[in-house]
Amino acid sequence: MARAENKETAGPAARLVAKMVLAIRKQRGWSQDRLGQELGFTGAAVSAMETCAQPPSDLMLVRLEEVVGEGSGFFEEARTAVRREKFPPFFQDFADLEAKAATLFIYSMQTVHGLFQTEAYAKALISGGYPPVSEARAEELVQARMERQSLLDREPTALAELVIEEAVLTRLVGSEEIMRDQMRHLAACARRRNVTIQVLKQDCGRYGEYAGDRGNLTIIETLDNERLVYLEIQDESILLEDPTKVTLYFQRYAKIRSQALGPRESLGLIEQLAGEQR
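Residues numbered from 1 in each chain as written. Predicted model: local features only at pLDDT ≥ 70, side-chain atom pairs only at ≥ 80, totals over all residues. Heavy atoms only, no water.

1. Considering the overall build of the chain
To keep things clear, this is the line we draw: Numbered from the N terminus, helices here are DSSP runs of H or I no shorter than four residues, and strands are runs of E no shorter than two. With C-alpha atoms as the basis for the radius of gyration, the globule rule is written as 2.2 Å multiplied by the number of residues raised to the power 0.38. Accessibility here uses a 1.4 Å probe with only protein chains present; expressed as a share of the type maximum, an area under 20% marks a residue as buried, one over 50% as exposed, and anything in between as partly exposed. What makes two residues a contact is simply this: any of their non-hydrogen atoms within 4.5 Å. Using a 1.4 Å probe, accessible areas were evaluated by the Shrake-Rupley method; residue-level cover was limited to the displayed protein chains. By the counting scheme adopted, Arg and Lys are positive, Glu and Asp are negative, and His together with the chain ends is not counted. Where a charge sits is defined by one atom per residue type, namely NZ (Lys), CZ (Arg), CG (Asp) or CD (Glu).
The helix and strand tally for the chain stands at 13 helices and six strands. What you see for the chain is a C-alpha radius of gyration of 21 Å, in line with the 19 Å of a compact globule of 278 residues. For the chain, the C-alpha atoms occupy an extent of roughly 70 × 45 × 35 Å along the three principal directions. Evaluated residue by residue, the chain yields a buried proportion of 47% over its 278 residues. Restricting the contact set of the chain to residue pairs at least 6 apart, pairs at least 24 apart contribute 71%. Of the roughly 14,700 Å² of accessible surface on the chain, a fraction of 50% belongs to carbon and sulfur atoms. If you average the places of the 35 positive and of the 42 negative side-chain charges in the chain, the two averages end up 1 Å apart.

2. Digging into the pairing of strand S5 (residues 227-233)
Where we set the bar: At least two DSSP bridges between two strands are needed for those strands to be called paired.
Pairing analysis gives four bridges linking strand S4 (residues 217-221) to S5, with the strands arranged antiparallel. Following the sheet pairing, Ile 219 is matched in S5 by Val 229. In this antiparallel pair of consecutive strands, S4 and S5, the connection spans five residues, and Asn 225 shows a positive phi of 65 degrees. In the sheet, S5 pairs with strand S6 (residues 236-240) via five bridges, with the strands oriented antiparallel. Pairing of Leu 231 across the sheet is with Ile 238, part of S6. Adjacent in sequence and paired antiparallel, S5 and S6 are bridged by two residues, among which Gln 234 carries a positive phi angle near 50 degrees.

3. Remarks on the pattern of salt bridges
Note the following rule: Any Lys or Arg side-chain nitrogen found within 4 Å of a carboxyl oxygen on Asp or Glu counts as a salt bridge.
Scanning the model with the defined rule gives 22 salt bridges in all. The closest approach of N and O atoms between Glu 38 and Arg 34, which form a salt bridge, is 3.0 Å. On the criterion of helical spacing, the pair formed by Glu 38 and Arg 34 is a turn pair, its members being four residues apart in helix H3 (residues 32-39). Salt-bridge contacts for Arg 84 lead to Asp 93; the nearest nitrogen and oxygen are separated by 2.3 Å.

Rendered as structure tokens:
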């Protein structure tokens, strides 16, 4: 959502795009409404982008490249930089790595991972956090989180494995309706050929083994076959590259995965929580 205060906090990539679009539009003699019509957006949306009241969405940058890019690739290149600026500073470096990942191994014990959240779930989560953020910033963060999910449709195909705690599936975020929709979305994700989702049951420690007690964990395998570990807690992040440490964390992830339900049983549980009939 466009807000006047956004003009003061807009990043350099968003400002450069705004300046470029304004120059191209004036050169062509187009009004904001005309450019909006060509792009499939409103004139108000073009105005918000040009004044930096609202950074351009990923879709708007795609359409700008198609309509006024003239083969330069400028707006295509700008997508990564503009998307990056929407994230909190502690997450920006990892966001670049995530977007280029070949494989993601994820353990989530508090909330549904951002790559698998619905927009309503993400908005309820972000708006309800502390310290509170403005409505405009919440909208920007939600948009950025939704844009991250394009990774799962990317070519070359990225693979994602998610082990999620059962408690996450039953923890109410926003409302019962939001949670039902989130479970339906999670089930749809689990049916994708490039996604595997497994649920770690509440009673997995019954026989004295519970490898997930140290918190969330994400392991990235790059297109160059390098593995990195990303850890995040209380708005602080750590990226580990040391092979010895990475191996240890991957072994821990493998142990967590082995203690979870299999993919078919996990999908059945998620469908049950979603109220779907198998």
